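This is what each chain is made of:
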2 protein chains.
Amino acid sequence: MFTPVYLDWNATAPLDPGVREAMIPWLGDRFGNASSRHEYGRQARAAVDEARAQVARAVGAHATEVVFTSGGSEANNLFIKGAAALMRPARIAISAIEHPCVREPARQLRRTGWELAEIGVDAAGRLDAASWRAELEQRPALVSVMLANNETGVIQNVAALAREATAAGAWVHTDAVQALGKIEVDFRKLGVHALTVSAHKIGGPLGAGALIMDKRLELAPLIAGGGQERGLRSGTENVAAIVGFGAACAIALDRRAAEARRIEVLRDRVQAALAASGARIFSADAPRLPNTLFFAAAGIDGETLVARLDRAGFACASGSACSSAHPEPSRTLLAMGVEPAVARSAVRLSLGYGTTDADVERFVVAFATVLSELKKLPAMAA
Amino acid sequence: MFTPVYLDWNATAPLDPGVREAMIPWLGDRFGNASSRHEYGRQARAAVDEARAQVARAVGAHATEVVFTSGGSEANNLFIKGAAALMRPARIAISAIEHPCVREPARQLRRTGWELAEIGVDAAGRLDAASWRAELEQRPALVSVMLANNETGVIQNVAALAREATAAGAWVHTDAVQALGKIEVDFRKLGVHALTVSAHKIGGPLGAGALIMDKRLELAPLIAGGGQERGLRSGTENVAAIVGFGAACAIALDRRAAEARRIEVLRDRVQAALAASGARIFSADAPRLPNTLFFAAAGIDGETLVARLDRAGFACASGSACSSAHPEPSRTLLAMGVEPAVARSAVRLSLGYGTTDADVERFVVAFATVLSELKKLPAMAA
């Protein structure tokens, strides 16, 4: 069987074998509804409780601060819509490079009278300090700034931002979906009121995420009903996925320090080769996730490059998977002031614990071949 | 290993072995984000498309009318909140026996100026005809009446109700979560604008459900973001769960006719034994799901009976799992005019394709023993 080299770990990660092992019983004889008051139900409840403790440990929170959701998108929507639903219309501030599942619910709030501010970033993709200070003077009620960007990998100083925003009276949220498992994510040290994580980006299953939240924060549920998750998220608990999320957190926590360094070395090796070929590396000078590499080969369309690499046996992305349905130049790059023509050339490589030295060597060779072929095509000339 | 007899299939069903087989590859080597434009992503997209066709076939709808969600609760919330978000505040009518994941979002609408009407039922649990007609004269903008009740199993004549409500200008939704796999569920014949189904009630996995919807219906997404599911439900598709949902639909469709009759015979055998012991059977005279039996043993607390049966090796429920966190007398029974003291005695048995003749025989014997023991306890006397 032909198995392409997977270099798109920021889109989704393969299920970790240890996670699969933890989940399998819950796809077999152990199947209770965790709210049922019989043996099957009690076993399910115990498994959910254990996973809750594992997720809490991975983010330095208390188990009672974990609200399980179906994933990161739901958790981000829960914070934004859930908090806004219990407030008078006010102002929400987000960075200009948030994932659409932060940006879109924030935009939906405008329908109910909210003001939305999108705070710009500098050329390296870091939140612009002057815009941030000016925004805080507007006293936003809600603030959401991502911990690490899904495309560039740039890490924001969320701890400092949260301190300032809290002092200005805001409830502060961070989307830590891309950060978890790659850098330290500590709810207390970050000092935010709410934080989003997702299982499938760290080797856990699709279908599980969480909003970690300070109990002083009041939220209306997005999904109301049976009252699961302390009334904040109704719906029968997805036990297998939650168990897998817990296991993935435990594994990622164990592995992170050693893996981050190994992966960074591989990433930097690819980066050096790309830079030598004339590619522009985005955000190379900013603090970045160790696994992420966002670049543009001048004059080569990103979609085309991804398609050629796909045929050559390498899975990578032109921008995030989340916007692949409507390919447009990366909003993140446009917010950084990158010219649209260059942004259209952008390709993202993201590595993971399964990425090997050999994968990287093969990629570097294949990339050189593909690039020289594409440069020969007249239509591709800049 | 001690394996209790499972008689709580309306709470959740064990994963069908055929479903597990379909899912396993998606918990292994096949792991792409369905929005990714490479080999892994295309395989995931193809699998989601196939599952969409399977779900559509099971409910007599077109694949383009299927919006995948994380489950039934989300689908019900999506209809109610999603439709209301794009309308001026108006009136929503639901039955008094809806699942909390219909009732609670409908109640949340009141915060934004909506009127909520809860339409009563008769003593057998069928929608009260006079109240229904009176409600339609109030011209509700949204109507939601469940196809089959989770506790009594009573089936409403949704096709007739939908015709009348549509003529009165309403958008009509039905929660068919408990009906799917047990009776025919046909989107066209029912004539509703939207219909909710869930995977885990039919032998599929937790974490997948769908809102089947008429394209004339406009909904704001509950979970906004990357724009998956035609913009109606963002978030990386839970491929394994969706594949399992599709497989479960195909299996349930094949099995339904033969199984419904077999299970009804078993249910009626238990019902006869319970009635002979003096138990009151709820909704025995109404059209009911073939697998569901809701009863009260006079003077015996339902929670206590369930706990004793649990120790004796039988998993059943006092009311629905969804409200087990806060045990109160069943709202369904109270709406039917059952006295609270009797409602507190209620116990639900729900059978499934795995239920055997032997299970039922053993239950009947064990029930008689438990009942006679409980009747000897002075505190339990009526």
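Keep in mind it's a predicted model, so treat the numbers as computed, not measured. (Residues numbered from 1 in each chain as written. Chains lettered and ligands numbered in written order. Predicted model: local features only at pLDDT ≥ 70, side-chain atom pairs only at ≥ 80, totals over all residues. Heavy atoms only, no water.)

Moving on, we get to the relation of the copies chain A and chain B. Mapping chain A onto chain B calls for a screw motion: a turn of 180° about the axis and a shift of 0.0 Å along it, with 0.0 Å RMSD after fitting. Given the turn and translation reported, the copies of this chain are related as if by a two-fold rotation axis. (Least-squares fit on C-alpha atoms with pLDDT ≥ 70 in both.)

The next subject is the interface of chain A and chain B. Of the residues lining the interface, 64 residues belong to chain A; the matching set on chain B comes to 64 residues. Broken down residue by residue, the surface that chain A buries against chain B is led by L27, F31 and R37 of chain A, which jointly contribute 13%. Summed over the shared surface of chain A and chain B, the result is four salt bridges. Between R42 of chain A and D310 of chain B there is a salt bridge, and its shortest N-O distance comes to 2.6 Å. At the level of secondary structure, the elements contributing two or more residues to the side of chain A that touches chain B comprise α1 (17-23), α2 (39-58), α3 (72-85), α4 (100-109) and α9 (302-311) of chain A. Grouping the constituent residues of the side of chain A that touches chain B by class yields 29 nonpolar, 22 polar and 13 charged. (Contact = heavy atoms within 4.5 Å. Buried area = accessible area lost by both parts, 1.4 Å probe. Salt bridge = Lys/Arg side-chain N within 4 Å of Asp/Glu carboxyl O. Helix = DSSP H or I, 4+ residues; strand = E, 2+ residues; numbered from the N terminus. Nonpolar A, V, L, I, M, F, W, Y, C, P; charged D, E, K, R; others polar.)

The next thing to look at is the domain arrangement of chain A. Residues and elements named next belong to chain A. Here chain A is described as being made up of domain 1 (5-13 + 256-380) and domain 2 (17-251). If you look at the interface, domain 1 gives 27 residues, while domain 2 gives 29 residues. Regarding the contact of domain 1 and domain 2, the summed buried area is about 2,400 Å², with carbon and sulfur atoms giving 53% of it. Where domain 1 packs against domain 2, one counts zero salt bridges. Along the contact surface separating domain 1 from domain 2 lie 13 residue pairs in polar contact (both at pLDDT 80 or more). Sorting elements by how many residues they give to the side of domain 1 that touches domain 2 places helix α10 (residues 331-335) first, with three residues. Across the side of domain 1 that touches domain 2, the residue classes tally to 13 nonpolar, nine polar and five charged. (Domains from an automatic or database assignment. Polar contact = N/O pair within 3.5 Å; in protein donor to acceptor, adjacent residues only side chain to side chain.)

Turning to the packing of aromatic side chains, a few remarks are in order. Enumeration over the complete set of coordinates arrives at 20 aromatic pairs over all chains. Measuring from centroid to centroid gives 5.0 Å for Y40 of chain A and Y6 of chain B, while their planes differ by 75°, and the two rings are edge-to-face. Residue Y40 of chain A is located in helix α2, and its partner Y6 of chain B is located in strand β1 (residues 5-6); the two belong to separate chains. Residues Y40 of chain A and Y6 of chain B agree in their burial class; the two are buried. Taken together, a centroid distance of 5.6 Å and an interplanar angle of 80° make the contact between F314 of chain A and F363 of chain A edge-to-face. Of this pair, F314 of chain A sits in strand β11 (residues 314-315) while F363 of chain A sits in helix α12 (residues 357-376), placing them 49 residues apart in sequence. Pair check on accessibility: F314 of chain A and F363 of chain A agree, each one buried. Among the aromatic residues, ring-to-ring pairing joins Y6, W9 and Y353 of chain A together with F31 and Y40 of chain B into one connected group. Across the ring face of Y353 of chain A, the terminal group of R255 of chain A is positioned such that the distance to the ring centre comes to 3.8 Å. (Phe/Tyr/Trp six-rings, centres within 6.5 Å; stacked < 30°, edge-to-face > 60°. Buried < 20%, exposed > 50% of the residue type's maximum accessible area, 1.4 Å probe, protein only. Lys NZ or Arg CZ within 6 Å of the ring centre and 35° of its normal.)

The next subject is the sheet that holds strand β9 (residues 280-281) of chain A. Residue and element names in this part refer to chain A. Taken in spatial order, the three strands of this open sheet run β9-β10-β12, and their pairing is antiparallel. What marks the edges here is a single partner per strand, and that holds for β9 and β12 (346-350). Pairing of β9 with strand β10 (residues 292-296), which is carried by two bridges, proceeds in the antiparallel orientation. Bridge assignment links I281 to a residue of β10, and that residue is F295. (Pairing = 2+ DSSP bridges.)

As a further point, take helix α12 (residues 357-376) of chain B. All names here are of chain B. With 20 residues, α12 extends 29 Å between its outermost C-alpha atoms, agreeing within 8% with the 28 Å of an ideal straight helix rising 1.5 Å per residue. Inspection of α12 places D359, V360, F363, A366, F367, V370, L371 and L374 among the buried residues, and these make up the whole buried set. When α12 is viewed along its axis, its buried side chains cluster within an angular range of 145° and face the same direction. Along α12, the residues that are exposed and aim more than 90 degrees away from the buried face are V365 and K376. Tucked inside the fold, the buried residues of α12 contact β1, α8 (239-276), β10 (292-296), α9 (302-311), β11 (314-315) and β12 (346-350). (Expected span 1.5 Å × (residues − 1). Arc of directions from axis to C-beta.)

What follows deals with the packing of α9 of chain B against α12 of chain B. All names here are of chain B. Here α9 crosses α12 at 125°, and the two axes come no closer than 10 Å. The angle between α9 and α12 falls in the class oblique. Classified by chirality, the crossing of α12 by α9 is right-handed. Contacts between α9 and α12 pair T304, L305, R308 and L309 from the former with F363, F367, V370, E373 and L374 from the latter. For the contact of α9 with α12, a count of residues per class yields six nonpolar, one polar and two charged. (Axes fitted to C-alpha atoms, helices over the stretch in contact; angles between N-to-C directions. Parallel < 35°, antiparallel > 145°, perpendicular 65-115°, else oblique. Left-handed = near helix turned anticlockwise from the far one by under 90°.)

Attention now goes to the sheet that holds strand β2 (residues 66-69) of chain A. Strand pairing in a sheet is mediated by backbone hydrogen bonds. Such pairs are either parallel or antiparallel. Residue and element names in this part refer to chain A. Taking strand neighbours across the sheet as the criterion, the seven strands line up as β2-β8-β7-β6-β5-β3-β4 in an open arrangement whose pairing is mixed. Both edges of this open sheet fall to β2 and β4 (115-119), since each of them pairs with a single strand only. Taking each pair of neighbouring strands and ignoring which way they run, the sheet shows an average axis angle of 20°. Set on the sheet, helix α5 (residues 129-137) makes contact with β3 (91-95), β4 and β5 (142-144); between it and β4 the angle comes to about 160°.

Before going further, it helps to spend a moment on the environment of L206 of chain A. Topologically, L206 of chain A is positioned in the loop between β7 (194-198) and β8 (209-213). Each C-alpha atom of the pair L206 of chain A and E74 of chain A lies 12 Å from the other, and the pair is 132 residues apart in sequence. Ignoring any residue separated from it by four or fewer positions in sequence, one finds L206 of chain A in contact with H200 and A241 of chain A together with T236, E237, N238 and V239 of chain B.

The next point concerns the environment of E104 of chain B. Residue placement: E104 of chain B occurs in helix α4 (residues 100-109). Using a relative accessible area of 24% as the deciding quantity, one classes E104 of chain B as partly exposed. For the pair E104 of chain B and A250 of chain B, spaced 146 residues apart in the sequence, the C-alpha separation amounts to 32 Å. The contacts of E104 of chain B, once residues within four sequence positions are left out, are A224 and G225 of chain A.

It is worth spelling out α8 of chain B at this point. Residue and element names in this part refer to chain B. Here α8 spans only 48 Å end to end across 38 residues, well under the 56 Å set by a 1.5 Å rise per residue. Roughly 60° is the biggest bend found in α8, and it falls at R256. Of the residues trailing α8, G278 is marked for its positive phi of about 100°. (Bend = angle between axes of the 7 residues up to and from the residue.)

This part takes up the pattern of salt bridges. Residues and elements named next belong to chain A. For the structure on display, the rule yields 46 salt bridges over all chains. Note that R52 and E229 form a salt bridge whose closest N and O atoms lie 2.8 Å from each other. Taken as a pair, R52 in helix α2 and E229 in the loop between β8 and α8 (239-276) lie far apart in primary sequence, 177 residues in all. On the accessibility criterion, R52 (12% relative accessible area) is buried. A relative accessible area of 9% means that E229 is categorised as buried. For the salt bridge of E339 with R280, the shortest nitrogen-to-oxygen distance reads 3.8 Å.

With that out of the way, let us pick up the side chain of E151 of chain A. Residue and element names in this part refer to chain A. Among the structural elements, E151 can be located in the loop between β5 and α6 (158-167). One buried charge, E151, has no salt-bridge partner; the nearest side chain with opposite charge is R348, at 5.9 Å. Engagement of the side chain of E151 in a polar contact is seen with the side chain of S330, the distance being 2.8 Å. A distance of 2.8 Å separates a polar atom in the side chain of E151 from a polar atom in the side chain of T332. (Lys, Arg positive; Asp, Glu negative; His and termini not counted.)

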